[in-house]
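So you can see what is in the structure, the chains are spelled out below.
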Amino acid sequence: MSSRYFGARIRRNEDEALLTGRATFVDDVQLPGTLHAAFVRSDLAHGLLRGVDAAAALERPGVMGVFTAADLGEYWQPGPLLVPPAPIEGLTFHARTQVPLAREKVRHVGEPIAVVVAESRYVAEDAVEDVIVDLEPLEAVADVRAALAEGAPVIHEDLGSNLAAHAVQTKGDYDAARATADLVLGRDFTYDRGVSAAMENRGVLAQWDERSAQLTVWDTTQAPIPIRNGLASMLGLSESQVRVVAPFIGGGFGPKIMMFYPDEVLLPWISMRLDRPVKWIEDRFENFFSTTQERGQLHEAEIALSSDGRILGVKDVFVHDTGAYDPYGLTLPINTQCTLLGPYDVPNYYSEFRVAFTNRPIVTPIRGAGRQQGVFIMERLLDLGARELGLDRAEIRRRNFLSPDAFPHDHEILFQDFAPLVYDSGDYEPALDKAIELIGYEPEGPVQSEPGGASPAEDGGEGTDGEDGEGSSRRKRLRGTGIVSYIEGTGIGPYEGARVRVEASGKVCLVTGVGTQGQGHFTSFAQIVADQLGVGVTDVRVVTGDTREFHWGTGTFASRGAVVAGNACHAAAVAVREKILRKASEILEVAEEDLMLTEGVVRVQGVPDLSIGLGELALRSNPLRGAVEPGTEPGLEATSYFGPRRGATASGVHAMVVSVDPETAMVEIERYVVVHDCGTVINPLIVEGQIHGGVAHGIGNAFYEELDCDSEGQLHNASFMDYLLPTATDVPPIRTAHIETPSPLNPLGIKGVGEAGAIPVAALFAQAVEDALKEWAPGLEVRDIPLSPNRLFALIEEARAGGGEEGA
Amino acid sequence: MSVLLPASLAEALETLAADPDLVPMAGGTDLLVHWPQHTELHERSYLDLSGVEELRPHRWETDELVLGGLTTYWDIIEDQRAWNELPLLIDAARQVGSIQIQTRGSWAGNIVNASPAADGVPVLMAYDAVVVLESTRGRSEVPLSGFYSGYKEMRRSPDELVTEIRVPRRAYDVQIFEKVGQRRAQAITKVGVAVTRSDAGWRVVANSVAPFVCRCPAVERILEQGTEVRGSDDLLPAIREDVTPIDDIRSTAEYREKVLARLLYHDLLDLCPSFG
C-alpha cells in the first residue's frame, strides 16, 4: 500500500461547501407545509404542576395544536438510560431520566411543560404566551452540596434523598501509603458548570409521510442510528420505516449525542398525528436551559508524597452534580475518577464519589466529559507538592511519569466502558521535553528568589502592549509560565462500520454510520480509503449521518470517530482492494502479486501497456449477463466493522505563558504550546484544528464562562452578552507538536483527539497565574474554576492582605 | 408595533410632538439587545430617524467639533482629525461592540440610552461636550455632565431629539481612557474612566460605578489642588464621595472602587507631581 494521503497535511474536502454557505444544516431543510413548534417551559426550578390551560392558545389563528403530558397517553415515558452503570462493587445508582413533558412536577427552569405547534414560529411563540400554567412553587435546591444535606428538598420524592449514585474505586492501600509519606497535602477544589455553546443550537425537523408510511427526521444529533432505533421502538414502527438524517452540524461537543431530548421524542409523534412536517430550532436563550451542561463537581483531595516528590498515593472524595436527571449514568464521574491518574504511576488510590440531583438543567458530557476535573485535581496537587518540597514543577511530573516500558499499564479500576483502565501505549517524557523547549520554560531552582529581590516573573520592559487597545496603561504586568500533563481515554467501543464501493465512474463512495459535526470526517476517512484504493482523496465521496445509507453503528462521541469508524473504513477499503486485485488478476490474467494500484488504475508491473481502470473493473464486477458465482458478490464493494477491546490512551503536555495585570486581575495569554500524542496522525492539519478549538473551549471554561445561577436555580446570564465566550482576542496563537506512539489496539494505530485540547487548560491556567503572582500575592492558590477576573481579584486581595508585607 | 419613517428633521420633530410616546431610534443597536427579553418593547411605536439625512454628518467648526444626531462611531473612527485632536473619541469608539456595531451605533443614541456602562459617554463628558436638544418648541443646550439625573433619567423631554453634540476644541495635555471588561473585546464595561486636562482644568469621568456616567468632582479636586497621593488607596475616600458602585453579575462594588482607584493612580503617577 502506498501512503500518499495518510499522515499528510491535506485541506478539507468539506470546506468549500461549508465556507461558501452551501452545506445543509437542519434549518436549511425546507419542506412545504411545515409547522413550527415552540415550548412552554417552566419558570421555576422546582414546583408542582397543578394544571395547564391551553384554551386561549388553541383559539389563536394559526395554532394547530397544543400538547401536554396528558395528551401523550402511552407515548409519555421517561427517556432511556443511555449508559447503564459500570459493574463497580458496592455501587449505588438510581436512574431518573428526563421526561418528554413535565407531568406532576417540574425539576429545573426550562423543563418543557407543553409544546405548541403552529403555522409559523411567530404564531407558536405568541401562543406559548397564551398558555396558562398553574405551578405551585416548591423549595428548590441548586447547589450540589446543599442537595445532599439533611432536610434538603427532594427532587425525586420516591428516592427519599437527592443521592443519585455512590461509588468507591480503590487501588492498593492509600491509608498505608499515607502513613509512610514524607508529605501529605489536602485541599478542596471546585469546578463549576458551563454550557457547550455550539455555534449551531439544536434542531429537529420531523416528516411523516402517510402514503409511504415513512418517517424522516433531520436532527442535530451526534448519534443518528441510536435515535432511529429508539424512535422506531417508541413509535411502534419498523426501523426501515424511520430515517434519521444528521446533516452538517455546527458543533456537537457532547450534548447532541443521543439524549432523546423532549423535542426529539415529540416532533416525530406530532408529525404523525398532524400529518405535517414539524420543525423546531432551538434559540440561544433556550439553549441555556434545554440543552445539557457539564462540569459541576466539588472535590476533597489529598496527595501523599515522598521527600523526593514521588507519588505514594492519592485520595479523592467528590460530589458530582447531575442536574435534575441522570440519563448518562456514571460516565462523567468515572471519567473524572480514571483521568485523575494521568500519565503518572500512582501505586495507591482511593476515589469515592457521590452523584447528586439538583434543580438545574441536566448534566451530560461536554468535550472532555469529566476528564477536566480529574486533570485539574491531580495537576493542582502536584503543583502544591512541588512548591512545598522545593521541586521544579516539570521535574515532579517527570519523576512520576509511567516509563515507556510500563505499557500496557493496568490501573486496576474500571473505566467508563466497563473495561479495566489499561493504558495501551505512551511515552510521556519526550512530550514534556518538547513542550519545555517550545515554551522556553526555565526550571526553578530549589529555593525561591530572595525576598525583596527582583522578581524574574516581572517584566516591565514589555509590560505595555501597544496592540491591545487598552489605553495608556502604565501598570506593570506580571508574567508566569505553566506546564501540565494529562492523558485521555479515547476511542471506546462498541463498534462502528463502513461500506466502501467503487462506482462505474471509477470514483469511490464511502459510507459510515457516525454523524459529523465539524471533525473533518469527509477528509480523514477519505484519506484512509484513498491510500488503499489508489485514488485521489477528492475522488472519495464520504456519506455520514444518514441511517438510510448505513444501518449499524453508535455515534460520534468519546473521541472515537477516527479510531473506531476510521478503522472500519480502513478494513472495508482493504477488503475492496482485495476484490479489485482479484478481479483484475482474472481479467488481465496476471498474478495478484504483480499488480499495482495507483491513480485509479490497476497496472501490471513491468508491462506498461497492460492495465485496467477502476471504473471498468467496477462495471465488469457487476455484469448484465451471467450469474454471480457462489461465494462471490457483485460489485467492488465491502462492508466492515471495527470494535476495539478497550479505549486507546492519548496524552499530551500543554504549556502557556500568561501576563497578569495584578491591579485589575485581567489575564492575557501570550503564548500557548501543545505537544500531543494521538497515536498515528491521519491529517496533522485536522488534528491541529481540533486542538486549537479545544484549547479555545478550555480557555473559556477556565476563565470566562460562568453560569450565574442563584440558590433558587434561576440563571442570571442566559445570553452571550453576559455569558462570555473567549473571542479571537482572548485566544493566542497555538504552537503544536506531535509525538506518535501508535495504539496497538487498532490496525491504524490511531488514538482520539476531538476532546484533547480542552482537557488540561484549567489546570494549566491555574498554574501559570499562580506562577505570575507568586511574589505579588504570596501563597495565592487557585482552587476554583472558572477563575474569573472577579474571583482572581478577590484571591489577590486576600493573599496580599494575609500574606503580610514581606514582599514590599 | 409600528415604525414611522420621517424624511426630514422638521417632519421628525412634528411627528414626535404629535405623539411623544414614540421611541426615537438611530442605529437600533441597544434596542435589539433588549428585544428578545423585553417583550413590552414589541408593543411600542418607533420613530426611525435613519432617513433624516441632515442629522448624519459631523463638522469641524473653528472652536468645536459638532456631531450630528446620527453620527456613528465609525464616522469618527474614519476621521483623521479626530485621531489627532480628540483621540479619546477614537479610543472609546473602538471599544464599542464590534465593527458592525460601530458602523450602526450613534453617539447620540449612546447618550440617550443612558447606560451606566456606556462607552461613548465618558470621553464626551471628559471633553465637556454639550447636548443639543430640539423640538417643535425650540432648541436647548445641556452640558452632558449635567444631562443625567438618575438611572436612565435625563434632561430630555419626550418630544425632544438630540440633534447635535458639541465638543469644544481645546488643547489637552492629559487624555486618558481606560475600560476594564470581563474580556478584551465585546464586553460590557465593569469599570471605566476618562481623564483630561486642559486650560479648563481636570476632568475625571467614571462609568459603571454609579446609576449614570458621571464626573468625579472630589477626585478632580485632589488633582486641581495637588493633594498628596501616596498610593491608590489614598484616592478611595474621594472615589467613595463621587460614585456608588454596586455588586452585579459583572463585578463587585469592591472591585469597581479599588480598580477605579488603581487605574487613576497608575495612569496619573508620572503626570502629577503630587502622586508618589
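Residues numbered from 1 in each chain as written. Chains lettered and ligands numbered in written order. Predicted model: local features only at pLDDT ≥ 70, side-chain atom pairs only at ≥ 80, totals over all residues. Heavy atoms only, no water.

Peer 1: Looking at this structure, how should I read the state of the cysteines?
Peer 2: Disulfide: a covalent bond formed between the sulfur atoms of two cysteine residues. This model, assessed by the stated rule, comprises zero disulfides over all chains. In this structure B:Cys214 is not part of a disulfide, and its nearest cysteine sulfur, from B:Cys216, lies 5.1 Å away. (Disulfide = S-S within 2.5 Å.)

Peer 1: Quick question: what am I supposed to make of the domain arrangement of chain A here?
Peer 2: A common measure of how large an interface is: the accessible area buried when the components associate. Residues and elements named next belong to chain A. Under the domain assignment, chain A is made up of domain 1 (35-150), domain 2 (197-290), domain 3 (297-399 + 407-491 + 646-802) and domain 4 (493-642). Placing a centre on the C-alpha atoms of domain 2 and another on those of domain 3 gives a separation of 35 Å. The partner domain 3 presents 16 residues to the 11 residues of domain 2 that form the contact. Of all residues in domain 2, the largest losses of buried area upon contact with domain 3 belong to Phe253, Met259 and Phe288, amounting jointly to 50% of the total for that side. Remark: the boundary between domain 2 and domain 3 carries zero salt bridges. Split into classes, the residues belonging to the side of domain 2 that touches domain 3 amount to nine nonpolar, one polar and one charged. (Domains from an automatic or database assignment. Contact = heavy atoms within 4.5 Å. Buried area = accessible area lost by both parts, 1.4 Å probe. Salt bridge = Lys/Arg side-chain N within 4 Å of Asp/Glu carboxyl O. Nonpolar A, V, L, I, M, F, W, Y, C, P; charged D, E, K, R; others polar.)

Peer 1: Even after reading the chapter, I still don't get the packing of helix H7 (residues 224-235) of chain A against helix H8 (residues 262-274) of chain A, so can you show me in this structure?
Peer 2: Think of two packed helices as two axes; the pair is described by the angle between the axes and how far apart they sit. Residues and elements named next belong to chain A. Between H7 and H8, the shortest axis-to-axis distance is 11 Å and the interhelical angle comes to 50°. With respect to H8, the axis of H7 lies oblique. Crossing handedness for the pair H7 and H8: right-handed. Residues Ile227, Leu231, Met234 and Leu235 of H7 form the contact with H8, whose participating residues are Glu264, Val265, Pro268, Trp269 and Met272. Along the lines of polarity and charge, the residues of the contact of H7 with H8 split into eight nonpolar, no polar and one charged. (Axes fitted to C-alpha atoms, helices over the stretch in contact; angles between N-to-C directions. Helix = DSSP H or I, 4+ residues; strand = E, 2+ residues; numbered from the N terminus. Parallel < 35°, antiparallel > 145°, perpendicular 65-115°, else oblique. Left-handed = near helix turned anticlockwise from the far one by under 90°.)

Peer 1: It is not clear to me how the side chain of B:His266 should be interpreted in this structure. Could you clarify?
Peer 2: Relative to the elements of secondary structure, B:His266 occurs in helix H11 (residues 253-268). The residues touching B:His266, leaving out its near neighbours within four places in the chain, are A:Arg474, A:Arg475 and A:Glu663.

Peer 1: Please clarify how a nonpolar patch on the surface should be interpreted in this entry.
Peer 2: Residue and element names in this part refer to chain B. Side chains of Met1, Val3 and Leu5 sit close together on the surface and give an oily, nonpolar patch of about 310 Å² of accessible area. Within the fold, Val3 resides in strand S1 (residues 2-4). Classification of Val3 as partly exposed rests on a relative accessible area of 38%. (Patch = residues over 30% accessible without salt bridge, like charges linked within 9 Å, V, L, I, M, F, W, Y side chains within 5 Å. Areas by Shrake-Rupley, 256 points an atom, 1.4 Å probe, with all protein chains shown as cover. Buried < 20%, exposed > 50% of the residue type's maximum accessible area, 1.4 Å probe, protein only.)

Peer 1: Help me understand the sheet that holds strand S4 (residues 92-93) of chain A in this model?
Peer 2: Sheet strands pair via backbone hydrogen bonds, and the direction of the pair is either parallel or antiparallel. All names here are of chain A. Strand order across the open sheet formed by seven strands is S4-S8-S16-S15-S14-S9-S30, with mixed pairing between neighbours. Since the sheet does not close on itself, it has two edges, and those belong to S4 and strand S30 (784-785), each with one partner. Here S4 runs beside strand S8 (residues 163-171); their pairing, made up of two bridges, is antiparallel. Across the sheet, Thr92 pairs through a bridge with His166, a residue of S8. Of the strands in this sheet, S8, strand S14 (297-305), strand S15 (311-323) and strand S16 (349-357) are in contact with helix H10 (residues 331-339), which crosses S16 at around 155°. (Pairing = 2+ DSSP bridges.)

Peer 1: Even after reading the chapter, I still don't get the nonpolar core, so can you show me in this structure?
Peer 2: What tends to happen in soluble globular proteins is that the nonpolar side chains get buried as a cluster. Among the nonpolar cores identified, the biggest contains 196 residues, and A:Leu773, A:Leu792 and B:Leu264 are the most heavily contacted of them. Among the elements that take part in this core, helix H18 (residues 761-772) of chain A stands out by supplying nine residues, more than any other. When sequence neighbours within four positions are dropped, the list of residues in contact with A:Leu773 reads A:Leu478, A:Val660, A:Pro662, A:Pro778, A:Leu780, A:Leu792 and A:Ile796. By size, the runner-up hydrophobic cluster in this structure holds 50 residues, among which are A:Val514, A:Ala530, A:Val542 and A:Ile682. (Core = buried A, V, L, I, M, F, W, Y, C linked by side-chain atoms within 4.5 Å.)

Peer 1: Any chance you could explain the sheet that holds strand S28 (residues 666-677) of chain A here in plain terms?
Peer 2: Residue and element names in this part refer to chain A. Sheet architecture is open: four strands sit in the order S19-S27-S28-S29, paired in mixed fashion. For this open sheet the edge positions go to strand S19 (478-490) and strand S29 (734-738), each flanked by a neighbour on one side alone. Direction aside, neighbouring strands of the sheet carry axes that sit 20° apart on average. Where S19 and strand S27 (residues 648-661) come together, 13 bridges link them in antiparallel fashion. The partner of Gly482 across the bridge, within S27, is Met656.

Peer 1: Just checking my understanding: could you explain the confidence of the model for chain A for this structure?
Peer 2: Summary statistics for chain A give a mean pLDDT of 93 and a share of 95% for residues scoring 70 or more. Across residues 445-472 of chain A, confidence stays below pLDDT 50; counting only partners more than four residues off in sequence or on other chains, it has 33 contacts. (pLDDT = per-residue confidence, 0-100.)

Peer 1: Is there a simple way to explain helix H12 (residues 393-400) of chain A in this structure?
Peer 2: Side chains of residues three or four places apart in an α-helix project in the same direction, reflecting 3.6 residues per turn. Residues and elements named next belong to chain A. Among the residues of H12, those classed as buried are Arg393, Ala394, Ile396, Arg397 and Asn400. Looking straight down H12, one finds its buried side chains confined to an arc of 165°; they lie on one side. For H12, the secondary structure elements touched by its buried residues are S15, helix H11 (371-389), helix H13 (428-439), S19 and H18. With a side-chain oxygen positioned 3.1 Å from the backbone nitrogen of Ala394, the residue opening H12 is Asp392. (Arc of directions from axis to C-beta. Polar contact = N/O pair within 3.5 Å; in protein donor to acceptor, adjacent residues only side chain to side chain.)

Peer 1: Just to check I follow, could you spell out the pattern of salt bridges for this structure?
Peer 2: Opposite charge on two side chains allows them to pair when their charged atoms are near. Scanning all chains against the criterion turns up 74 salt bridges over all chains. Two residues, A:Glu302 and A:Arg178, come together in a salt bridge whose shortest N-O distance is 2.6 Å. In this pair, A:Glu302 sits in strand S14 while A:Arg178 sits in helix H6 (residues 174-179), placing the two residues 124 residues apart along the sequence. Of the residues examined, A:Arg178 reaches a relative accessible area of 36% and is grouped as partly exposed. The salt bridge partner of A:Asp771 is A:Arg393, with a shortest N-O separation of 3.4 Å. Remark: A:Arg393 occurs in helix H12 and A:Asp771 occurs in helix H18; sequence separation between them is 378 residues. Across the pair, exposure class does not vary: A:Asp771 and A:Arg393 are buried alike. It is possible to trace a salt-bridge network through shared partners that takes in B:Arg59, B:Glu61, B:Glu64, B:Glu134, B:Arg139, B:Glu141, B:Glu164 and B:Arg166.

Peer 1: Sorry, what's going on with helix H5 (residues 87-95) of chain B here?
Peer 2: Among all positions in H5(B), only B:Leu88, B:Leu89, B:Ile90, B:Ala92, B:Ala93 and B:Gln95 are buried. Backbone geometry just after H5(B) places B:Gly97 at a positive phi near 40°.

Peer 1: Sorry if this is basic, but what is going on with unusual backbone geometry here?
Peer 2: Residue A:Gly493 is joined to A:Pro494 through a cis peptide bond whose omega torsion reads 5°. Note on placement: A:Pro494 falls in the loop between S19 and strand S20 (496-502).

Peer 1: What am I meant to see in the side chain of A:Arg397 here?
Peer 2: Residues and elements named next belong to chain A. Note on placement: Arg397 falls in helix H12. A relative accessible area of 0% means that Arg397 is categorised as buried. Within the structure, Arg397 has its side chain in polar contact with the backbone oxygen of Arg393 (distance 2.9 Å). Those residues in contact with Arg397 that lie beyond four places of it in its chain are Tyr344, Glu379, Leu382, Asp383, Ile483, Val484, Ser485 and Gln767.

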